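Each chain, letter by letter, is given below.
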Amino acid sequence: MERRNVVAATDNATKDRLVPGEGIRALFPFFSEGPGGCYLDSAATTQKPAVVLDSLRHVLVHANANVHRGAYRLSALASELYDDARQKVARMIGAPSECTIVFVRGATDAINLVARGAEHLFSPGDTILLSLLEHHSNIVPWQMLAKRRGLHIAFTDITDDGRLNMDDFRQKLAALKPKLVAVTQLANSLGTVTPIEEVVALAHKAGAQVLVDGAQGVAHLGVDVQRLGCDYYVFSGHKMYGPTGIGVLYGRPERLEKLEPVQGGGDMISYVSTDGSGWAEVPQRFEAGTPAFPEAIALGTAVDFLSSFDRKSLIAHERELVHAACEMLRGETGVTLHGPASAGGEQVAVVSFSIDTVHPHDFATIADTHNVQVRAGNHCAMPTLRRLGVQATVRLSFGAYSCAKDLGAVRDAIREARKLFSR
Ligand SMILES: Cc1ncc(COP(=O)(O)O)c(C=O)c1O
(Lines give C-alpha, C1' and ligand atoms only; values in the text may rest on other atoms or scores of the structure.)
Protein backbone atom coordinates (compact mmCIF):
# COMPACT_ATOMS: atom_id res chain seq x y z
CA MET A 1 0.00 0.00 0.00
CA GLU A 2 1.27 3.42 -0.89
CA ARG A 3 2.14 5.93 1.76
CA ARG A 4 -0.58 8.38 0.74
CA ASN A 5 -3.20 5.61 1.00
CA VAL A 6 -2.17 4.74 4.55
CA VAL A 7 -2.35 8.40 5.49
CA ALA A 8 -5.76 8.69 3.77
CA ALA A 9 -7.08 5.64 5.65
CA THR A 10 -6.33 7.25 8.98
CA ASP A 11 -7.51 10.68 7.91
CA ASN A 12 -11.24 10.63 7.91
CA ALA A 13 -12.87 13.98 8.25
CA THR A 14 -15.79 14.00 5.83
CA LYS A 15 -16.90 17.12 4.03
CA ASP A 16 -20.53 16.07 4.45
CA ARG A 17 -21.67 16.93 7.93
CA LEU A 18 -22.79 13.87 9.90
CA VAL A 19 -26.23 14.09 11.46
CA PRO A 20 -26.47 12.53 14.92
CA GLY A 21 -29.21 9.99 15.59
CA GLU A 22 -30.33 6.61 14.36
CA GLY A 23 -29.08 7.23 10.80
CA ILE A 24 -25.42 7.16 11.77
CA ARG A 25 -25.73 3.68 13.28
CA ALA A 26 -24.87 2.50 9.78
CA LEU A 27 -21.35 3.85 10.44
CA PHE A 28 -20.96 1.65 13.54
CA PRO A 29 -20.44 -2.09 12.89
CA PHE A 30 -21.58 -2.69 16.49
CA PHE A 31 -25.16 -2.14 15.31
CA SER A 32 -24.98 -4.30 12.16
CA GLU A 33 -22.37 -6.99 12.85
CA GLY A 34 -22.29 -6.83 16.64
CA PRO A 35 -24.94 -7.14 19.34
CA GLY A 36 -26.54 -3.78 18.49
CA GLY A 37 -29.62 -3.01 20.58
CA CYS A 38 -30.21 -0.03 22.84
CA TYR A 39 -26.73 0.71 24.08
CA LEU A 40 -27.14 3.34 26.77
CA ASP A 41 -23.75 3.17 28.47
CA SER A 42 -21.70 5.53 26.33
CA ALA A 43 -20.40 7.39 29.39
CA ALA A 44 -18.58 4.16 30.30
CA THR A 45 -17.29 3.66 26.77
CA THR A 46 -18.59 4.58 23.33
CA GLN A 47 -19.06 2.23 20.40
CA LYS A 48 -16.52 2.67 17.59
CA PRO A 49 -17.23 3.84 14.06
CA ALA A 50 -15.87 1.73 11.20
CA VAL A 51 -13.35 4.46 10.29
CA VAL A 52 -11.68 4.09 13.69
CA LEU A 53 -11.61 0.29 13.48
CA ASP A 54 -10.24 0.51 9.92
CA SER A 55 -7.63 3.03 10.98
CA LEU A 56 -6.37 0.71 13.71
CA ARG A 57 -6.20 -2.19 11.29
CA HIS A 58 -4.52 -0.11 8.59
CA VAL A 59 -1.74 0.95 10.89
CA LEU A 60 -1.13 -2.56 12.15
CA VAL A 61 -1.13 -3.98 8.61
CA HIS A 62 0.50 -1.21 6.58
CA ALA A 63 2.53 0.96 8.94
CA ASN A 64 3.50 -1.31 11.80
CA ALA A 65 7.00 -0.34 12.85
CA ASN A 66 8.17 1.17 16.10
CA VAL A 67 7.96 4.94 16.17
CA HIS A 68 10.85 7.41 16.56
CA ARG A 69 13.44 4.64 16.20
CA GLY A 70 13.95 3.03 12.84
CA ALA A 71 15.86 4.78 10.05
CA TYR A 72 13.78 2.91 7.48
CA ARG A 73 10.71 4.26 5.70
CA LEU A 74 8.10 2.16 7.50
CA SER A 75 9.19 3.49 10.88
CA ALA A 76 9.25 7.03 9.48
CA LEU A 77 5.67 6.52 8.24
CA ALA A 78 4.45 5.22 11.63
CA SER A 79 6.20 8.17 13.32
CA GLU A 80 4.62 10.61 10.90
CA LEU A 81 1.12 9.23 11.54
CA TYR A 82 1.73 9.28 15.29
CA ASP A 83 2.84 12.92 15.13
CA ASP A 84 -0.17 13.79 12.93
CA ALA A 85 -2.47 12.31 15.58
CA ARG A 86 -0.90 14.57 18.21
CA GLN A 87 -1.54 17.57 15.97
CA LYS A 88 -5.16 16.56 15.41
CA VAL A 89 -5.72 16.30 19.16
CA ALA A 90 -4.04 19.66 19.74
CA ARG A 91 -6.28 21.30 17.13
CA MET A 92 -9.44 19.69 18.51
CA ILE A 93 -8.92 21.10 22.01
CA GLY A 94 -7.45 24.44 20.93
CA ALA A 95 -4.00 23.73 22.38
CA PRO A 96 -1.23 26.17 21.43
CA SER A 97 1.04 23.41 20.08
CA GLU A 98 1.28 19.64 19.77
CA CYS A 99 4.11 19.80 22.34
CA THR A 100 1.47 20.35 25.01
CA ILE A 101 -0.17 16.99 24.24
CA VAL A 102 1.10 13.95 26.13
CA PHE A 103 -0.26 10.58 25.03
CA VAL A 104 -1.17 8.48 28.05
CA ARG A 105 -3.43 5.46 28.64
CA GLY A 106 -6.51 7.48 29.57
CA ALA A 107 -7.93 10.09 31.92
CA THR A 108 -7.00 8.05 35.00
CA ASP A 109 -3.42 7.67 33.79
CA ALA A 110 -3.20 11.40 33.03
CA ILE A 111 -4.36 12.43 36.51
CA ASN A 112 -1.96 9.96 38.11
CA LEU A 113 0.86 11.38 35.97
CA VAL A 114 0.16 14.90 37.24
CA ALA A 115 -0.28 13.73 40.84
CA ARG A 116 3.08 11.91 40.71
CA GLY A 117 4.94 14.35 38.50
CA ALA A 118 3.95 17.42 40.53
CA GLU A 119 4.68 15.80 43.88
CA HIS A 120 7.83 17.86 44.46
CA LEU A 121 5.84 21.09 43.92
CA PHE A 122 3.70 20.51 47.02
CA SER A 123 4.74 21.13 50.62
CA PRO A 124 3.29 19.43 53.69
CA GLY A 125 0.12 21.23 54.76
CA ASP A 126 -0.85 22.35 51.24
CA THR A 127 -4.47 21.84 50.20
CA ILE A 128 -5.97 20.29 47.07
CA LEU A 129 -9.59 21.25 46.44
CA LEU A 130 -11.77 18.72 44.61
CA SER A 131 -15.56 18.57 44.34
CA LEU A 132 -18.25 16.13 45.37
CA LEU A 133 -19.01 15.58 41.69
CA GLU A 134 -15.73 13.86 40.90
CA HIS A 135 -15.16 10.42 39.43
CA HIS A 136 -12.95 8.29 41.69
CA SER A 137 -10.15 8.86 39.15
CA ASN A 138 -10.10 12.51 40.13
CA ILE A 139 -10.08 11.74 43.85
CA VAL A 140 -7.94 8.70 44.60
CA PRO A 141 -4.66 9.84 42.91
CA TRP A 142 -4.85 13.07 44.96
CA GLN A 143 -5.54 11.14 48.16
CA MET A 144 -2.50 8.99 47.46
CA LEU A 145 -0.42 12.14 46.85
CA ALA A 146 -1.80 13.68 50.05
CA LYS A 147 -0.71 10.63 51.99
CA ARG A 148 2.79 10.74 50.55
CA ARG A 149 3.29 14.47 51.09
CA GLY A 150 1.11 15.29 54.13
CA LEU A 151 -1.43 17.39 52.20
CA HIS A 152 -5.07 18.20 52.96
CA ILE A 153 -7.86 17.25 50.58
CA ALA A 154 -11.05 19.32 50.65
CA PHE A 155 -14.25 18.97 48.64
CA THR A 156 -16.53 21.65 47.26
CA ASP A 157 -20.08 20.73 48.19
CA ILE A 158 -22.87 20.19 45.68
CA THR A 159 -26.52 21.22 45.89
CA ASP A 160 -29.29 18.70 46.59
CA ASP A 161 -29.92 18.53 42.84
CA GLY A 162 -26.28 17.79 42.08
CA ARG A 163 -24.91 21.16 40.92
CA LEU A 164 -21.59 22.55 42.06
CA ASN A 165 -22.22 24.84 45.05
CA MET A 166 -20.38 27.95 43.89
CA ASP A 167 -20.82 29.77 47.22
CA ASP A 168 -19.09 26.90 48.95
CA PHE A 169 -16.39 26.90 46.24
CA ARG A 170 -15.70 30.61 46.76
CA GLN A 171 -15.60 30.18 50.53
CA LYS A 172 -13.23 27.22 50.37
CA LEU A 173 -10.96 29.01 47.92
CA ALA A 174 -10.72 31.97 50.29
CA ALA A 175 -10.40 29.97 53.50
CA LEU A 176 -8.16 27.10 52.39
CA LYS A 177 -6.02 28.78 49.71
CA PRO A 178 -5.62 25.52 47.77
CA LYS A 179 -2.56 24.99 45.64
CA LEU A 180 -4.53 22.95 43.12
CA VAL A 181 -8.19 22.69 42.15
CA ALA A 182 -9.29 19.59 40.22
CA VAL A 183 -12.84 19.60 38.87
CA THR A 184 -14.82 17.78 36.22
CA GLN A 185 -16.29 19.56 33.22
CA LEU A 186 -19.23 17.14 33.00
CA ALA A 187 -20.14 14.72 35.80
CA ASN A 188 -20.45 11.12 34.63
CA SER A 189 -22.82 10.17 37.46
CA LEU A 190 -25.47 12.90 36.97
CA GLY A 191 -24.74 14.73 33.72
CA THR A 192 -24.08 17.97 35.60
CA VAL A 193 -22.25 20.60 33.55
CA THR A 194 -20.00 22.57 35.88
CA PRO A 195 -19.46 26.30 35.30
CA ILE A 196 -15.89 25.43 34.41
CA GLU A 197 -14.88 28.85 33.02
CA GLU A 198 -15.89 30.46 36.31
CA VAL A 199 -14.18 27.71 38.31
CA VAL A 200 -10.91 28.25 36.44
CA ALA A 201 -11.09 32.04 36.69
CA LEU A 202 -11.87 32.03 40.43
CA ALA A 203 -9.25 29.40 41.21
CA HIS A 204 -6.56 31.30 39.30
CA LYS A 205 -7.52 34.51 41.06
CA ALA A 206 -7.05 32.68 44.35
CA GLY A 207 -3.60 31.49 43.22
CA ALA A 208 -4.46 27.85 42.51
CA GLN A 209 -3.62 25.78 39.44
CA VAL A 210 -6.53 23.96 37.83
CA LEU A 211 -6.84 20.48 36.40
CA VAL A 212 -10.04 19.90 34.43
CA ASP A 213 -11.29 16.35 34.04
CA GLY A 214 -12.62 16.33 30.49
CA ALA A 215 -13.29 12.57 30.31
CA GLN A 216 -16.97 13.25 29.55
CA GLY A 217 -16.75 16.88 28.51
CA VAL A 218 -14.45 16.39 25.53
CA ALA A 219 -17.01 14.40 23.49
CA HIS A 220 -20.23 15.94 24.77
CA LEU A 221 -19.33 19.62 25.22
CA GLY A 222 -16.00 20.24 23.54
CA VAL A 223 -13.29 22.53 24.85
CA ASP A 224 -10.87 25.26 23.88
CA VAL A 225 -8.16 24.89 26.48
CA GLN A 226 -6.54 28.23 25.70
CA ARG A 227 -9.78 30.12 26.04
CA LEU A 228 -10.59 28.14 29.20
CA GLY A 229 -7.10 28.86 30.52
CA CYS A 230 -6.87 25.67 32.59
CA ASP A 231 -3.45 24.34 33.56
CA TYR A 232 -4.23 20.72 32.71
CA TYR A 233 -7.03 19.01 30.76
CA VAL A 234 -7.35 15.21 30.65
CA PHE A 235 -9.46 12.74 28.70
CA SER A 236 -9.68 9.16 27.38
CA GLY A 237 -9.91 8.08 23.75
CA HIS A 238 -12.45 5.33 24.32
CA LYS A 239 -15.16 7.72 25.53
CA MET A 240 -14.95 9.76 22.31
CA TYR A 241 -15.32 6.97 19.72
CA GLY A 242 -11.62 6.10 19.81
CA PRO A 243 -9.80 3.02 21.07
CA THR A 244 -9.10 2.02 24.66
CA GLY A 245 -5.56 2.24 26.02
CA ILE A 246 -5.00 5.77 24.73
CA GLY A 247 -5.78 9.15 26.26
CA VAL A 248 -4.46 12.64 26.58
CA LEU A 249 -2.88 14.92 29.12
CA TYR A 250 -2.84 18.52 27.96
CA GLY A 251 -0.69 20.82 30.04
CA ARG A 252 0.29 24.44 29.66
CA PRO A 253 3.93 24.43 28.49
CA GLU A 254 5.23 25.99 31.71
CA ARG A 255 3.37 23.38 33.78
CA LEU A 256 4.63 20.39 31.80
CA GLU A 257 8.19 21.75 32.01
CA LYS A 258 7.99 21.59 35.81
CA LEU A 259 6.57 18.06 36.05
CA GLU A 260 9.00 15.24 36.83
CA PRO A 261 8.76 12.24 34.51
CA VAL A 262 7.25 9.36 36.46
CA GLN A 263 8.39 6.53 34.24
CA GLY A 264 11.89 6.04 32.94
CA GLY A 265 12.92 4.07 29.87
CA GLY A 266 13.46 4.32 26.15
CA ASP A 267 12.29 7.36 24.18
CA MET A 268 12.03 9.70 27.19
CA ILE A 269 15.76 10.43 27.43
CA SER A 270 18.23 12.73 25.71
CA TYR A 271 21.18 10.56 26.79
CA VAL A 272 21.93 7.67 29.12
CA SER A 273 25.29 6.93 30.68
CA THR A 274 26.35 4.65 33.49
CA ASP A 275 26.36 7.75 35.72
CA GLY A 276 22.88 9.01 34.92
CA SER A 277 20.49 10.16 32.23
CA GLY A 278 19.06 13.36 30.80
CA TRP A 279 15.44 13.85 29.85
CA ALA A 280 14.04 14.37 26.38
CA GLU A 281 11.99 17.45 25.64
CA VAL A 282 8.30 17.67 26.58
CA PRO A 283 6.11 15.74 25.68
CA GLN A 284 8.44 12.77 24.89
CA ARG A 285 9.76 13.08 28.44
CA PHE A 286 6.45 11.62 29.66
CA GLU A 287 6.13 8.85 27.08
CA ALA A 288 8.62 6.21 28.21
CA GLY A 289 8.78 3.00 26.19
CA THR A 290 6.94 2.05 23.02
CA PRO A 291 3.77 4.10 22.95
CA ALA A 292 0.35 2.79 21.90
CA PHE A 293 0.94 4.37 18.48
CA PRO A 294 -1.75 2.43 16.53
CA GLU A 295 -4.28 3.48 19.16
CA ALA A 296 -3.02 7.07 19.12
CA ILE A 297 -3.34 7.18 15.32
CA ALA A 298 -6.85 5.72 15.54
CA LEU A 299 -7.63 8.36 18.18
CA GLY A 300 -6.64 10.91 15.55
CA THR A 301 -9.22 9.30 13.27
CA ALA A 302 -11.79 9.55 16.08
CA VAL A 303 -10.95 13.26 16.29
CA ASP A 304 -11.70 13.54 12.55
CA PHE A 305 -14.93 11.60 13.08
CA LEU A 306 -16.07 13.90 15.90
CA SER A 307 -15.19 16.97 13.86
CA SER A 308 -17.41 15.67 11.05
CA PHE A 309 -20.39 16.68 13.19
CA ASP A 310 -21.55 20.19 13.62
CA ARG A 311 -20.68 20.37 17.34
CA LYS A 312 -23.70 22.50 18.18
CA SER A 313 -26.13 20.03 16.62
CA LEU A 314 -24.41 17.09 18.32
CA ILE A 315 -24.74 18.78 21.71
CA ALA A 316 -28.34 19.73 20.90
CA HIS A 317 -29.11 16.10 19.95
CA GLU A 318 -27.77 14.80 23.25
CA ARG A 319 -29.60 17.54 25.18
CA GLU A 320 -32.88 16.66 23.45
CA LEU A 321 -32.42 13.02 24.39
CA VAL A 322 -31.82 14.00 28.02
CA HIS A 323 -34.94 16.13 27.90
CA ALA A 324 -37.03 13.35 26.31
CA ALA A 325 -35.67 10.78 28.77
CA CYS A 326 -36.57 12.99 31.74
CA GLU A 327 -40.06 13.58 30.34
CA MET A 328 -40.56 9.85 29.89
CA LEU A 329 -39.23 9.05 33.37
CA ARG A 330 -41.39 11.73 35.02
CA GLY A 331 -44.41 10.00 33.50
CA GLU A 332 -43.55 6.62 35.05
CA THR A 333 -44.90 5.70 38.47
CA GLY A 334 -42.28 5.12 41.17
CA VAL A 335 -39.37 6.74 39.32
CA THR A 336 -37.19 9.42 40.96
CA LEU A 337 -34.75 11.51 38.94
CA HIS A 338 -31.37 12.50 40.41
CA GLY A 339 -29.32 15.46 39.26
CA PRO A 340 -30.07 18.97 38.00
CA ALA A 341 -32.93 17.79 35.76
CA SER A 342 -34.83 16.71 38.90
CA ALA A 343 -35.23 20.44 39.63
CA GLY A 344 -35.66 21.51 36.01
CA GLY A 345 -31.94 22.20 35.47
CA GLU A 346 -29.62 21.35 32.60
CA GLN A 347 -27.89 18.01 32.09
CA VAL A 348 -25.86 16.72 29.19
CA ALA A 349 -25.61 13.16 27.84
CA VAL A 350 -26.48 11.46 31.16
CA VAL A 351 -29.69 10.74 33.10
CA SER A 352 -29.65 9.09 36.54
CA PHE A 353 -32.72 7.71 38.28
CA SER A 354 -34.05 5.18 40.76
CA ILE A 355 -37.22 3.11 40.90
CA ASP A 356 -39.11 2.73 44.20
CA THR A 357 -39.38 -1.08 44.36
CA VAL A 358 -36.54 -2.15 42.06
CA HIS A 359 -32.86 -2.12 42.90
CA PRO A 360 -30.75 -0.54 40.10
CA HIS A 361 -28.83 -3.80 39.59
CA ASP A 362 -32.06 -5.77 39.20
CA PHE A 363 -33.31 -3.18 36.75
CA ALA A 364 -30.12 -3.39 34.68
CA THR A 365 -30.50 -7.19 34.51
CA ILE A 366 -34.14 -6.94 33.42
CA ALA A 367 -33.34 -4.21 30.91
CA ASP A 368 -30.63 -6.44 29.48
CA THR A 369 -33.27 -9.06 28.62
CA HIS A 370 -34.83 -6.30 26.44
CA ASN A 371 -31.39 -5.77 24.86
CA VAL A 372 -31.08 -2.44 26.67
CA GLN A 373 -27.67 -1.86 28.23
CA VAL A 374 -27.73 0.58 31.15
CA ARG A 375 -25.30 1.15 33.98
CA ALA A 376 -26.35 0.51 37.59
CA GLY A 377 -24.35 1.28 40.71
CA ASN A 378 -22.35 4.19 42.04
CA HIS A 379 -20.74 5.04 38.69
CA CYS A 380 -17.32 5.43 40.36
CA ALA A 381 -18.70 8.46 42.17
CA MET A 382 -19.43 7.22 45.70
CA PRO A 383 -19.04 10.67 47.33
CA THR A 384 -21.60 12.16 44.89
CA LEU A 385 -24.19 9.49 45.57
CA ARG A 386 -23.61 9.55 49.32
CA ARG A 387 -24.16 13.33 49.31
CA LEU A 388 -27.48 12.80 47.50
CA GLY A 389 -28.47 10.10 49.99
CA VAL A 390 -28.57 7.20 47.53
CA GLN A 391 -26.35 4.16 47.25
CA ALA A 392 -26.89 3.40 43.59
CA THR A 393 -28.79 4.69 40.59
CA VAL A 394 -29.64 3.56 37.09
CA ARG A 395 -27.75 5.61 34.53
CA LEU A 396 -28.68 6.15 30.90
CA SER A 397 -25.89 7.76 28.91
CA PHE A 398 -26.05 8.80 25.31
CA GLY A 399 -23.78 9.07 22.31
CA ALA A 400 -24.15 10.43 18.79
CA TYR A 401 -25.91 7.20 17.72
CA SER A 402 -28.50 7.23 20.53
CA CYS A 403 -32.10 7.92 19.58
CA ALA A 404 -35.61 8.28 20.98
CA LYS A 405 -36.40 4.63 20.15
CA ASP A 406 -33.98 3.59 22.93
CA LEU A 407 -36.12 5.43 25.46
CA GLY A 408 -39.23 3.46 24.60
CA ALA A 409 -37.31 0.27 25.37
CA VAL A 410 -36.26 1.71 28.75
CA ARG A 411 -39.88 2.58 29.54
CA ASP A 412 -41.01 -0.98 28.73
CA ALA A 413 -38.26 -2.39 30.96
CA ILE A 414 -39.28 -0.08 33.84
CA ARG A 415 -42.89 -1.25 33.59
CA GLU A 416 -41.91 -4.90 33.51
CA ALA A 417 -39.48 -4.48 36.41
CA ARG A 418 -42.11 -2.75 38.58
CA LYS A 419 -44.58 -5.55 37.83
CA LEU A 420 -42.03 -8.19 38.80
CA PHE A 421 -41.03 -6.36 41.98
CA SER A 422 -44.50 -5.12 42.98
CA ARG A 423 -44.93 -4.92 46.73
C1 LIG B 1 -15.63 12.06 34.57
C2 LIG B 1 -14.68 10.90 34.44
N3 LIG B 1 -13.42 11.06 34.81
C4 LIG B 1 -12.52 10.07 34.68
C5 LIG B 1 -12.88 8.84 34.20
C6 LIG B 1 -11.85 7.76 34.06
O7 LIG B 1 -11.67 7.43 32.72
P8 LIG B 1 -10.77 6.19 32.31
O9 LIG B 1 -11.31 5.00 33.07
O10 LIG B 1 -10.95 6.06 30.85
O11 LIG B 1 -9.37 6.51 32.69
C12 LIG B 1 -14.21 8.62 33.84
C13 LIG B 1 -14.66 7.29 33.38
O14 LIG B 1 -15.84 6.98 33.42
C15 LIG B 1 -15.13 9.69 33.94
O16 LIG B 1 -16.40 9.55 33.56
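As a reminder, the structure under discussion sits directly above these lines.
Residues numbered from 1 in each chain as written. Predicted model: local features only at pLDDT ≥ 70, side-chain atom pairs only at ≥ 80, totals over all residues. Heavy atoms only, no water.

Caption draft 1: Quick look at the pattern of salt bridges. In this structure the tally under the stated criterion is 25 salt bridges. For R255, the salt bridge is made with D231, and the minimal N-O distance between the two is 2.7 Å. Placement of R255 in helix α11 (residues 253-258) and of D231 in the loop between α10 (225-228) and β7 (232-236) is noted, with a sequence separation of 24 residues between them. Each of the salt bridges in this network shares a partner with another, and the network as a whole consists of D231, R252, E254 and R255. (Salt bridge = Lys/Arg side-chain N within 4 Å of Asp/Glu carboxyl O. Helix = DSSP H or I, 4+ residues; strand = E, 2+ residues; numbered from the N terminus.)

Caption draft 2: Region of the structure containing the site of the ligand. Of all residues adjacent to the ligand, which total 13 residues, the nearest are T108, D213, S236, H238 and K239. T108 places a polar side-chain atom, nitrogen or oxygen, 2.5 Å from an oxygen atom of the ligand. With respect to the ligand, the side chain of S236 contributes an N or O atom lying 2.7 Å from an oxygen atom. Looking at the shell around the ligand, its residues break down into three nonpolar, eight polar and two charged. (Near = heavy atom within 4 Å. Polar contact = N/O pair within 3.5 Å; in protein donor to acceptor, adjacent residues only side chain to side chain. Nonpolar A, V, L, I, M, F, W, Y, C, P; charged D, E, K, R; others polar.)

Caption draft 3: Geometry of the sheet that holds β7. As summarised here, the arrangement of the seven strands in space is β2-β8-β7-β6-β5-β3-β4, forming an open sheet in which the pairing is mixed. Of all the strands in the sheet, just β2 (101-104) and β4 (152-156) have a single pairing partner and so form its edges. Across the sheet, the mean angle from the axis of one strand to that of its neighbour is 20 degrees, orientation sign disregarded. Pairing analysis gives three bridges linking strand β6 (residues 209-213) to β7, with the strands arranged parallel. By the bridge assignment, V212 is partnered in β7 with Y233. Against the sheet, helix α4 (residues 73-92) makes contact with β2, β7 and β8 (247-251), and its axis sits at roughly 115 degrees relative to β2, the strand it touches most. Along the sheet face, helix α7 (residues 166-176) touches β3 (127-131), β4 and β5 (180-184) and points at about 155 degrees away from the line of β4. (Pairing = 2+ DSSP bridges. Axes fitted to C-alpha atoms, helices over the stretch in contact; angles between N-to-C directions. Contact = heavy atoms within 4.5 Å.)

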